Amino acid sequence: ATSASKPASAIALSSASASVNEGATTTLTYSLTPVDSTSNVDVSSSDSSVFTASVSGTTITITGVGEGSGTLTATTDTGKTDTATVTITTTPPTTP
């Protein structure tokens, strides 16, 4: 028996933005519609000198490379996308 493929009609990242220190990592997750979609997801960085991104399962790992900001794009194999703004800082943010 073969399972029918369920192409994704939408993808949603867990957050519209992320910030991480240079040399550190942070993670986001994504969800597909329908939730049992069999679509594959690829992630990309708009500027690999600022951050890199990789995906494993539904977890996206963002690694800070250099100070700046860029756009993380998650794309399904059906062409649906969602984006998040990633900001890389060289010093830890100060908390009030």
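Scroll up to find the structure this text is about.
The rules behind these values
- Residues numbered from 1 in each chain as written.
- Predicted model: local features only at pLDDT ≥ 70, side-chain atom pairs only at ≥ 80, totals over all residues.
- Heavy atoms only, no water.
- Pairing = 2+ DSSP bridges.
- Helix = DSSP H or I, 4+ residues; strand = E, 2+ residues; numbered from the N terminus.
- Axes fitted to C-alpha atoms, helices over the stretch in contact; angles between N-to-C directions.
- Buried < 20%, exposed > 50% of the residue type's maximum accessible area, 1.4 Å probe, protein only.
- Contact = heavy atoms within 4.5 Å.

Asks: Outline the sheet that holds strand 7 (residues 68-76), supporting the account with residue identities and numerical values.
Replies: Strand order in the open sheet made by the four strands is 2-8-7-4, with mixed pairing throughout. Bordering the open sheet on either side are strand 2 (17-21) and strand 4 (41-45), each of which pairs with just one other strand. Averaged over all adjacent pairs, the angle separating strand axes in this sheet is 25°, with direction ignored. Two elements, strand 7 and strand 8 (residues 81-89), share eight bridges in a ladder whose sense is antiparallel. Its bridge partner lying in strand 8, Leu-72 is registered against Ala-84.

Asks: So what's going on with the sheet that holds strand 6 (residues 59-64)? Which residues, and what values?
Replies: Strand order across the open sheet formed by four strands is 1-3-6-5, with antiparallel pairing between neighbours. Taken across any chain shown, the strands that pair with only one partner, and hence form the sheet edges, are strand 1 (10-13) and strand 5 (51-56). Sheet twist, expressed as the mean angle between neighbouring strand axes with direction ignored, is 25°.

Asks: Residues and numbers for the environment of Thr-83, please.
Replies: Secondary-structure assignment places Thr-83 in strand 8. When its relative accessible area of 39% is taken as the criterion, Thr-83 is described as partly exposed. As for Thr-83 and Leu-13, which are separated by 70 residues in sequence, their C-alpha atoms are 7.3 Å apart.

Asks: Outline the environment of Phe-51, listing residues and values.
Replies: Structurally, Phe-51 can be placed in strand 5. Separated by 23 residues in the primary sequence, Phe-51 and Ala-74 have C-alpha atoms spaced 14 Å apart. Apart from residues no more than four positions distant in its own chain, Phe-51 is found in contact with Ser-45, Ser-46, Ile-62, Thr-63, Gly-64, Val-65, Gly-70, Thr-71, Leu-72, Val-86 and Ile-88.

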